[in-house]
Amino acid sequence: MLDKTYQPKEVEEKIYKLWEDGKYFTPVIDKKKRPFTIILPLPNANDPMHMGHALFTVEDIMARYHRMLGEPTLWLPGADHAGIETQFVFEKKLAKEDKSRFDFDRKTLYQMIWNYVEKNRSINRGQLKKLGFSLDWSRYHYSLEPEIMERVLETFRKLYQDGLIYRGERIVNFCTKCGTAFSDLEVDYQERDDFIYYLDYGAISIATTRPETIFADVAVAVNPKDKKYLKVEKTAVIPLINIAIPVLSDALVQKDFGTGALKITPGYDPVDFEIGQKNGLEIIPIMKRNGRLDFTSKRFASLSQEIKDKLTQIQNLKVYPAREKTVELLEKEKKLIKKIPYKHTVGVCYRCGTVIEPMVIPQWFVKTKPLAKPAIEAVERGLTKIVPKKRFEKMYFDWLKNIRDWNISRQIVWGPQIPVWYCLDCNHNIELNFLRRSCHPEFVSGSRGMPKQVRHDNVYIGSEKISGTYQELRNKYSFEEIRSGLQNLVVPQDSSYQLASDKCEKCQGTKLLQETDTFDTWFLSGQWPVNTLKSNPADFAYFYPTSVLDTLWDILPFWVARMMMLGIYLTGKVPFKTVHLHARVVDKLGQKMSKSKGNVIDPLTISEKYGADALRLALVLGVGPASDISLSEEKIVGMRNFCNKRFLLLNLEGKSVPFYKEKMPGLTKEDLKLLKSLKILTKNVTKNIDAYKFGKASEILYQFAWHEFADIYLENSKLKIQNSKISEEEKLVTLSVLRHVYLNVLKLLHPFIPFVTEEIWQNFPRKNNSPLLVSPWPK
RNA sequence: GGAUCCAUAGCUCAGCGGUAGAGCGUUCGCUUCACAUGCGAAAGGUGGGAGGAUCAACACCUCCUGGGUCCACCA
């Protein structure tokens, strides 16, 4: 007997337990049947649930539908360590405690982040269960579990052996605050109000928004077709430091921008880097990784004392103060022609919003062209279908066809280290940064130059930060001291390296240190379908390639395209047959949900209040393919009202109603009409789910259940049953039709609102004793 | 600069080559049993603008206007 009003909270917990205990989410491999597989887009282990996760509803609908069709259905859950995201959050936490990552050696920092994430990882799982997701928890994987990590390293080695990995000194997007490089995809762009400065370079004048970089200029370039510059001097002069540089011509320079002359700074600008490469220009380093200017390179050594004094004023300043100071000096020397307010877009770190500094730092790259080609062909040949096709295939092709080599190294600790080792004896110029442990904290200076005691988890008390090349440090500190307190290495481009860790292949030495760069998170998640399923060879053989990948379209390039590339590379087969893309959840005014706007709807609060089913239905009902999902509390209330219509439960109490049979005697015109409607409904719901039109499928179900079945048929049958002139037999026929239609509607609704439907099913006299989630889909 | 999507009821959005749909909101009425988290009814749209192919368009094509989003080396 059910409560009169539906109490979702109690019911949901009970029902989920019923499913879990029955192991219904764990498929049984049956080679005679075709499996249905979905890999859950792995949530960040550290993230609490948000509406994006609630949208996994779409996957649950597919999983439940296919399970009811009798297909061995695997929906595989997991969690991602989310390298940069997580380290960024953790560092913010450290900052609140007046600490920074520079206070810890990498091993300690890693362990601290590990512990921090571990707490949230289990919360995450519970939250997914609350929404009723039929995930196979027995196959749960975490991106940092040893087996998964080992497979990632294997992929790296395989790529290396196939000549697809290289260590390159190229210009990369560097965030001086996060202290790491990013791939091109991880840079956001913001419009800024800045200035553009016109500067006097002797024979020519140039325009720049970044005057502080003039010290690293090595040339000026003009467009070869620019008539203004047909007869220009071949030499320009960098103001302030009076260094002569050549004037080149290059088609990349736009004639009509600024003065038409571009200063070439190969170390700090992507275009300049490219021009520099073409012309064999030198790269002058003037900025450290912490974003402070530095004039200690050899270019500046031979300058006059007067000039050196100018540079001293800028030395060690951060970019913006350095810019101000440079402009001030330029003004003083009358080299600033004009300064104009200028609106332009700048690249910023997608995590912390700091302006990205393009810098030349050796990084690990994957050659992507050979991987992209088969990934493009697979979609062209229809081996993987993208839904909705029209809109997103083009995006996929555009991205893969224009792809550039992928920087997979990150200068953070939170992630697997790149499995490459450097021999210190063969590479004396490797710069080492490590913390030396000390027994006398009072004599020790902290990272900010202040005496400081650092304590954490009793790992160490007090430490001293040491930096320098191995050449400089080798006689002062033991290898073990360096190794155990290591923060990071700065390895010159020409250093030798190897994949074996035991001893140096050149000198047989054993003072080897592993690369301190870690993998881009997407390098791990790009192999996720392969690596998770490979945990069990039988699983891989049966469930790979997976059936559907469902995700928000915005990570199509980040994730989907990379899974395609790596999946095909590793297995020769596409990782999924269909990519289904859904849209993002927006508020009732169509605006993106964000904390600052205060329009965030929290899925857990909502499901506590109205039930998970109501939330699920609100997320899919009437939503067009890949269009934004406008969600409001009002809509959820509406859906809750629907879920609460557990019609006719009371009527059947204590009655022995015969089971409906086709063409049973006594069927009326109304009965036949309803039965026909049910048939059409069943067909349409099935058709729409197959076509990924969940919005339509749920809408027609809603319409039928409420307005056709409940409002009309049920209302009429109520009158009929109360009517004493009608025979008992006739009433029983009506009731069996009612029950038949009702049970079928429950089945059809189950993928969308699994909890209520299962609860009613459990309380209903029926032929089939197994739970609703494994009962056969109506035909 | 390139690409792409959107414009339909007060709001948020579906759908469709052949008499305009839903949810929420609004108005009026009903309501001792499946459900007030309800039932019945009603009001409300010359489908952004202009043109074109069609027997016929809100739907197809072109252009315009206004928004969204993505990509790109804007010094």
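Residues numbered from 1 in each chain as written. Chains lettered and ligands numbered in written order. Predicted model: local features only at pLDDT ≥ 70, side-chain atom pairs only at ≥ 80, totals over all residues. Heavy atoms only, no water.

**So, the overall build of chain A**
Here is step 1: Of regular secondary structure, chain A possesses 24 helices and 27 strands.
Here is step 2: Along the first, second and third principal axes, the C-alpha atoms of chain A reach 115 × 65 × 50 Å.
Here is step 3: Of all 779 residues assigned to chain A, the portion counted as buried reaches 57%.
Here is step 4: A separation threshold of at least 6 residues defines the contact pool for chain A, and within that pool the share at least 24 residues apart is 79%. (Helix = DSSP H or I, 4+ residues; strand = E, 2+ residues; numbered from the N terminus. Buried < 20%, exposed > 50% of the residue type's maximum accessible area, 1.4 Å probe, protein only. Contact = heavy atoms within 4.5 Å.)

**Comments concerning the pattern of salt bridges**
Here is step 1: As enumerated under the stated definition, the model contains 32 salt bridges in all.
Here is step 2: Here Lys 263 and Asp 217 are joined by a salt bridge, their closest N and O atoms 2.9 Å apart. Here Asp 217 lies in the loop between strand 8 (204–208) and strand 9 (219–222) and Lys 263 lies in strand 12 (residues 261–264), a separation of 46 residues in the sequence.
Here is step 3: Accessibility expressed as a relative area gives 5% for Lys 263, which makes it buried.
Here is step 4: Judged by relative accessible area, which is 0%, Asp 217 ranks as buried.
Here is step 5: The partner of Arg 436 in a salt bridge is Glu 464, with the nearest N and O atoms 3.7 Å apart. With Arg 436 in strand 19 (residues 431–437) and Glu 464 in strand 20 (residues 463–469), this residue pair connects regions lying 28 residues apart in the sequence.
Here is step 6: Classification of Arg 436 by relative accessible area gives partly exposed; the value is 30%. (Salt bridge = Lys/Arg side-chain N within 4 Å of Asp/Glu carboxyl O.)

**Some details on the environment of Arg 404**
Here is step 1: Take Arg 404: it is sitting in the loop between helix 11 (389–401) and strand 16 (406–407).
Here is step 2: Take Arg 404: its relative accessible area is 59%, and that puts it in the exposed class.
Here is step 3: Each C-alpha atom of the pair Arg 404 and Asp 613 lies 44 Å from the other, and the pair is 209 residues apart in sequence.
Here is step 4: Setting aside residues no more than four positions away along its own chain, Arg 404 makes contact with Asp 184 and Thr 368.
Here is step 5: Here Asp 184 takes part through its side chain, which lies 3.3 Å from a polar atom of the side chain of Arg 404. (Polar contact = N/O pair within 3.5 Å; in protein donor to acceptor, adjacent residues only side chain to side chain.)

**What to know about the state of the cysteines**
Here is step 1: Applying the stated rule across the entire model yields 0 disulfides.
Here is step 2: Cys 178 carries a free sulfur, and the closest cysteine sulfur to it, the one in Cys 352, is 3.7 Å from it.
Here is step 3: Its relative accessible area of 10% is what places Cys 178 among the buried residues.
Here is step 4: Cys 504 takes part in no disulfide bond, and the closest cysteine sulfur, belonging to Cys 426, lies 3.7 Å away. (Disulfide = S-S within 2.5 Å.)

**Focus: the sheet that holds strand 8**
Here is step 1: Spatially, 8-7-13 is the arrangement adopted by the 3 strands of the open sheet, whose pairing is antiparallel. Each end of this open sheet is capped by a strand with a single partner; those strands are strand 8 and strand 13 (336–349). Averaged over neighbouring strand pairs, the angle between their axes works out to 20° when direction is ignored.
Here is step 2: Sheet topology note: the strand 7 (residues 187–201)/strand 8 ladder contains 5 bridges and is antiparallel. Its bridge partner lying in strand 8, Tyr 201 is registered against Ile 204.
Here is step 3: Those strands touched by helix 9 (residues 319–332) are strand 7 and strand 13, and its axis lies near 20° from that of strand 7. (Pairing = 2+ DSSP bridges. Axes fitted to C-alpha atoms, helices over the stretch in contact; angles between N-to-C directions.)

**Looking at a positive patch on the surface**
Here is step 1: On the surface, Lys 92, Lys 96, Lys 177, Lys 318 and Lys 595 cluster together into a positively charged patch.
Here is step 2: By the element assignment, Lys 177 lies in the loop between strand 5 (165–175) and strand 6 (180–182).
Here is step 3: For Lys 177, a relative accessible area of 54% gives the class exposed. (Patch = residues over 30% accessible without salt bridge, like charges linked within 9 Å, V, L, I, M, F, W, Y side chains within 5 Å. Areas by Shrake-Rupley, 256 points an atom, 1.4 Å probe, with all protein chains shown as cover. Lys, Arg positive; Asp, Glu negative; His and termini not counted. Charge placed at Lys NZ, Arg CZ, Asp CG, Glu CD.)

**Concerning the protein's contact with RNA strand B**
Here is step 1: Residues in contact with RNA strand B amount to 43 residues; listed here are only the nearest, His 344, Ser 627, Ser 630, Trp 706 and Lys 718.
Here is step 2: A share of 70% is what sugar and phosphate atoms reach among the atoms of RNA strand B within 4 Å of the protein.
Here is step 3: One nitrogen or oxygen atom from the side chain of Arg 640 is found 3.4 Å from a base oxygen belonging to RNA strand B.
Here is step 4: Contact distances for RNA strand B include 2.3 Å between a phosphate oxygen and a side-chain N or O atom of Trp 706.
Here is step 5: Contributions of two or more residues to the surface near RNA strand B are made by strand 13, helix 11, helix 20 (633–643) and helix 22 (694–722). (Near = heavy atom within 4 Å.)

**Section: the nonpolar core**
Here is step 1: Ranked by internal contacts, the top residues of the largest apolar core, which has 107 residues, are Met 51, Leu 615, Leu 619, Leu 631, Val 741 and Phe 752.
Here is step 2: Beyond its immediate sequence surroundings of up to four residues, Val 741 is in contact with Leu 674, Leu 675, Leu 678, Phe 704 and Phe 709. (Core = buried A, V, L, I, M, F, W, Y, C linked by side-chain atoms within 4.5 Å.)

**Some remarks on the sheet that holds strand 19**
Here is step 1: Taken together, the 3 strands give an open sheet; going across it, the order is 20-19-21, and neighbouring strands pair in antiparallel fashion. The open sheet has two edge strands, strand 20 and strand 21 (486–490), and neither has a second partner. Averaged over all neighbouring strand pairs, the angle between strand axes comes to 15°, with direction disregarded.
Here is step 2: Sheet topology note: the strand 19/strand 21 ladder contains 4 bridges and is antiparallel. Note on strand 21: the bridge partner recorded for Asn 433 is Asn 488.

**Remarks on the pairing of strand 5**
Here is step 1: Here strand 5 lies mainly inside the structure; 8 of its 11 residues are buried.
Here is step 2: Two elements, strand 5 and strand 14 (residues 357–366), share 10 bridges in a ladder whose sense is antiparallel. Following the sheet pairing, Phe 174 is matched in strand 14 by Glu 357.
Here is step 3: Bridging between strand 5 and strand 6 involves 3 bridges; their strand directions are antiparallel.

**A short note on the packing of helix 3 (residues 57–68) against helix 19 (residues 612–620)**
How two helices pack is summed up by the angle between their axes together with the distance between the axes.
Here is step 1: Two numbers describe how helix 3 lies on helix 19: the axes approach to 10 Å, and their chain directions differ by 100°. Taken together, helix 3 and helix 19 sit at an angle that is classed as roughly perpendicular. For the pair helix 3 and helix 19, the contacting residues are Thr 57, Val 58, Asp 60, Ile 61 and Arg 64 in the first and Arg 616, Leu 619 and Val 620 in the second.
Here is step 2: Split by residue class, the contact of helix 3 with helix 19 holds 4 nonpolar, 1 polar and 3 charged. (Parallel < 35°, antiparallel > 145°, perpendicular 65-115°, else oblique. Nonpolar A, V, L, I, M, F, W, Y, C, P; charged D, E, K, R; others polar.)

**A short note on unusual backbone geometry**
Here is step 1: Here Tyr 544 and Pro 545 are connected by a cis peptide whose omega angle stands at -5°.
Here is step 2: Within the secondary structure, Pro 545 is located in the loop between helix 16 (537–543) and strand 24 (546–552).
Here is step 3: Phi angles above zero are rare outside glycine, and Lys 23 is one such case at about 55°.
Here is step 4: For Lys 23, the location among the structural elements is in the loop between helix 1 (8–21) and strand 1 (36–39).
Here is step 5: Looking at Lys 23, the relative accessible area reads 61%, which means it is exposed.

**What to know about the environment of Glu 147**
Here is step 1: Turning to its location among the elements, Glu 147 is positioned in helix 6 (residues 146–161).
Here is step 2: Glu 147 sits 387 residues away from Lys 534 along the chain, and the two C-alpha atoms are 9.6 Å apart.
Here is step 3: Separated by 2.8 Å, the side chains of Glu 147 and Arg 151 make a polar contact.

**So, the packing of aromatic side chains**
Here is step 1: Per the stated rule, a full pass over the model turns up 39 aromatic pairs.
Here is step 2: Joined through ring pairs, the aromatic side chains of Phe 156, Tyr 160, Trp 364, Trp 406, Tyr 422, Tyr 497, Phe 519 and Phe 523 make up one cluster.
Here is step 3: Its guanidinium or amino end placed over the ring of Trp 137, Lys 129 lies 5.3 Å from that ring's centre, counting from NZ or CZ.
Here is step 4: The residue whose ring lies beneath Lys 158 is Tyr 569, and the NZ or CZ to ring-centre distance is 4.8 Å. (Phe/Tyr/Trp six-rings, centres within 6.5 Å; stacked < 30°, edge-to-face > 60°. Lys NZ or Arg CZ within 6 Å of the ring centre and 35° of its normal.)

**As for the side chain of Thr 57**
Here is step 1: Relative to the helices and strands, Thr 57 is located in helix 3.
Here is step 2: Leave out the neighbours within four places in its chain, and Thr 57 touches Phe 133, Arg 616, Leu 619 and Val 620.

**Quick notes on helix 6**
Here is step 1: For helix 6, built from 16 residues, the straight-helix expectation of 22 Å at 1.5 Å per residue is met to within 8% by its first-to-last C-alpha distance of 22 Å.
Here is step 2: Residues of helix 6 that are buried include every one of Ile 148, Met 149, Arg 151, Val 152, Leu 153, Thr 155, Phe 156 and Leu 159, and no others.
Here is step 3: Note on helix 6: the residue one or two positions beyond its end, Gly 163, has a positive phi of about 75°. (Expected span 1.5 Å × (residues − 1).)

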